[in-house]
Amino acid sequence: MSDSTARHVVKPALNLTLQGIAGSPGIAIGKAYLVEQEDVDVIEKRFVEPEDIAAEIRRFRGAVKKAQRQLQRVIDEVPEEFRDHIYILDAHMMLLKDKMIHNGTIEHIERENVNAEWALKMAVDEVKSIFKKMPDPYFRERASDVTHASKLILGNLLGTGSSNISHIDKRVIVVAHDLSPAETTQMQLEKVKAFLTDLGGKTSHTGIIARSLEIPAVLGLGNAKQLIKTDDLLIVDGSAGVVILDPDEETLTRYQERKDLFEQYQAMITRSSHLPAETTDGFCLMVMANIGLLEDVVSVIDHGGDGIGLYRTEFLYLNRPTLPSEQDLFDNYRDVAEIMAPRTVTIRTLDIGGDKFASGLQLAEEMNPALGLRAIRFSLWSPEIFKTQLRAILRAANLGNVRIMFPMISEVDEIIQAKQMLNEAAESLDKAGVPFRADIEVGAMIEVPSAVIMADVLAREVDFFSIGTNDLIQYSLAIDRINKQVAHLYQPLHPAVLRMIQRVVEAAREAGIQVYMCGEMAGDPVNLPVLLGMELDAISMNPISIPVVKKMVRMLSLKESKQFLKEALKQVTAADVLNLIQDTYGPSFPKTDFFQPSQD
Ligand code: PEP
Ligand code: MG
């Protein structure tokens, strides 16, 4: 073959599909840009002579100080679009001062006569292992914060420069092993078409940031960084968690069409997300949001949330050496209440304990954390911590439309005791002359089977119920909600689950109180005909699911859904219920909304 012929041979496209985790929906087509990063897993262990230990500790302290200065510079220069996420960088600053990392490293240097890099790695591994044991995936994911913060120190110890992240000068798909919030902040985001990472899950910061900036992302790809080179052509489908490396013409055309459709769909959804979710026969379902941070409120408003159905308040107790003060809590709750007013904000009291770790709390390890001292049990067990939170909630209630709910109620006494403490908190505020609101609505989360059975009794004590299906399914079907091996058995449409929901709704109706649902089940449109048929007063979900769910509600009728529910309740398996949904509403239901964020 002559040279000139060889030049005309076209290499067939690789068309290699990589499957990861759908981090942020949307489609991007473009060239890859690999972020150069230090491989922190390859750290050498060196022994340090006893007379050099003090110098080694000084070297470590110097690296920490320098990391703090570097991070402060990043914080000071945070671009406008990142202001909402600055709390992440503040948390990293706190981690740089964290005693377990700081003192832990120094202890390793002193005890084992090792170099600072190795000692830091050991201390960081210890802290990460605590995070990784937490049952809630959100908190497990926080282990990556420890890695990101410690990487700054390590970079200074090793004397390596920062990554090439701030040099991106054309619109690219960023490919990284992992991305720290500090790194993400330094990128010119208008240049980023999509994010791909080997590590990270749905609740990683890259996922949270990408979703709020509406940049497609596929995370947890495992080895994308090995397979992809800078300038490779990529298709990213952030809704399906798929990446196609070196696509052929036909695939490119298909995805270009899908991208156009997605953009039209997004525009339509955004236009309609602020309309009420009213069925074709005039029933209005409140569609609310679940949040975990003050910063999520922006996304709730952008996505047309009718209020906050669940504010998970754990975050303020994490990543800090001491417990938050009443003022810290009040400031946070007040901001949420004021921004959302006049819409409702449902503050759930602390759901921590067992394996959910808060650095300010000294809790014993438990064999069965999901069945242990968590949620309301923990709060009743530590009245001072509980009352501090109750006082903050009552004070915030004076400045917005706030109601309170207690998690994991398993018997009526817990509600009675919690209400008693709420009264005591109110009395103490009254005595101190601090403004507050006493007559706030009080609710119970229904997430334990005993609460379902006793719902009629519990209903006499509260103003509303909120069904927490994440735990209710776990406890009633005996499926650990974080165990991948039994994940296929975790079925929201299981007839046992449907019957329990129906029972709770009936008890609420009998007692004349409202009933909501705030578990993940509420945010998956496939469950809508059933939930609508139950005539729940409100459903609450991840903010980004709201527009899709509202749109689906507008396509259904209450009357037909009630009829449908009767049939659904006759089914004997979850698969039967799903088949019935698809037979009744069309084989692609709810895939008409194929861009909906995946629920995994
Ligand atoms: C639930 O259990 O359904 C719930 C909403 O609470 P969490 O997921 O925070 O346990
Ligand atoms: Mg729960």
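For the structure, check the block above.
Calculation rules
Residues numbered from 1 in each chain as written. Chains lettered and ligands numbered in written order. Predicted model: local features only at pLDDT ≥ 70, side-chain atom pairs only at ≥ 80, totals over all residues. Heavy atoms only, no water. Pairing = 2+ DSSP bridges. Helix = DSSP H or I, 4+ residues; strand = E, 2+ residues; numbered from the N terminus. Axes fitted to C-alpha atoms, helices over the stretch in contact; angles between N-to-C directions. Contact = heavy atoms within 4.5 Å. Phe/Tyr/Trp six-rings, centres within 6.5 Å; stacked < 30°, edge-to-face > 60°. Buried < 20%, exposed > 50% of the residue type's maximum accessible area, 1.4 Å probe, protein only. Right-handed = clockwise from strand over helix to strand, strands pointing away. Donors = N, O, S within 2.8 Å, 3.2 Å for Na, K, Ca; no water. Polar contact = N/O pair within 3.5 Å; in protein donor to acceptor, adjacent residues only side chain to side chain.

Observations concerning the sheet that holds strand β7 (residues 233-237)
- The sheet built from eight strands is open, its strands ordered β1-β8-β7-β3-β4-β5-β6-β2 with mixed pairing. Looking at which strands have only one partner, the edges of the open sheet turn out to be β1 (16-19) and β2 (21-24). Taking the axes of each pair of neighbouring strands and ignoring which way they run, one obtains an average angle of 30° across the sheet.
- In this sheet, strand β5 (residues 192-197) lies alongside strand β4 (residues 172-176) in parallel orientation, the contact comprising five bridges. From the neighbouring strand, Ala 176 faces β5, where its bridge partner is Thr 197.
- Across the face of the sheet, helix α11 (residues 249-272) comes into contact with β3 (27-34), β7 and β8 (242-245) while running at roughly 115° to β3.

Focus: the packing of aromatic side chains
- Counting across every chain of the model gives five aromatic pairs.
- Between the aromatic rings of Phe 378 and Trp 381, the centroid separation amounts to 5.9 Å while the plane-to-plane angle is 45°, which identifies the pairing as tilted. Of this pair, Phe 378 and Trp 381 both sit in helix α14 (residues 375-381), three residues apart, which is roughly one turn of that helix.
- Judged by its relative accessible area of 54%, Trp 381 falls in the exposed class.
- On the numbers, 6.1 Å between centres and 65° between planes, the contact of Phe 386 with Phe 406 is edge-to-face.

Here we look at the pairing of strand β13 (residues 401-406)
- Of all six residues making up β13, five are buried, and the element is well covered by its neighbours.
- Of the pairings in the sheet, the one linking strand β12 (residues 344-348) to β13 comprises five bridges and is parallel in character. Across the sheet, residue Val 345 finds its bridge partner in β13, namely Val 402.
- The pairing of β13 with strand β14 (residues 442-446) spans three bridges and is classified as parallel. Among the inter-strand pairings, Phe 406 is bridged to a residue of β14, identified as Ala 444.
- Once the chain exits β13 it traverses helix α16 (residues 412-432) before rejoining the sheet at β14, and the crossover so formed is right-handed.

Looking at the coordination of the magnesium ion (ligand 2)
- At 2.0 to 2.2 Å from the magnesium ion (ligand 2) lie its protein donor atoms, namely Glu 447 (OE) and Asp 471 (OD). Of the two residues, Glu 447 sits in the loop between β14 and α17 (449-453) while Asp 471 sits in helix α19 (residues 469-477), which places them 24 residues apart along the sequence.

Remarks on the side chain of Gln 571
- Its location among the elements puts Gln 571 in the loop between α23 (558-568) and α24 (574-585).
- A polar contact of 3.1 Å, which involves the side chain of Gln 571, links it to the backbone oxygen of Glu 567.
- Beyond its immediate chain neighbours, meaning those up to four positions away, Gln 571 contacts Pro 495, Asp 576, Val 577 and Leu 580.

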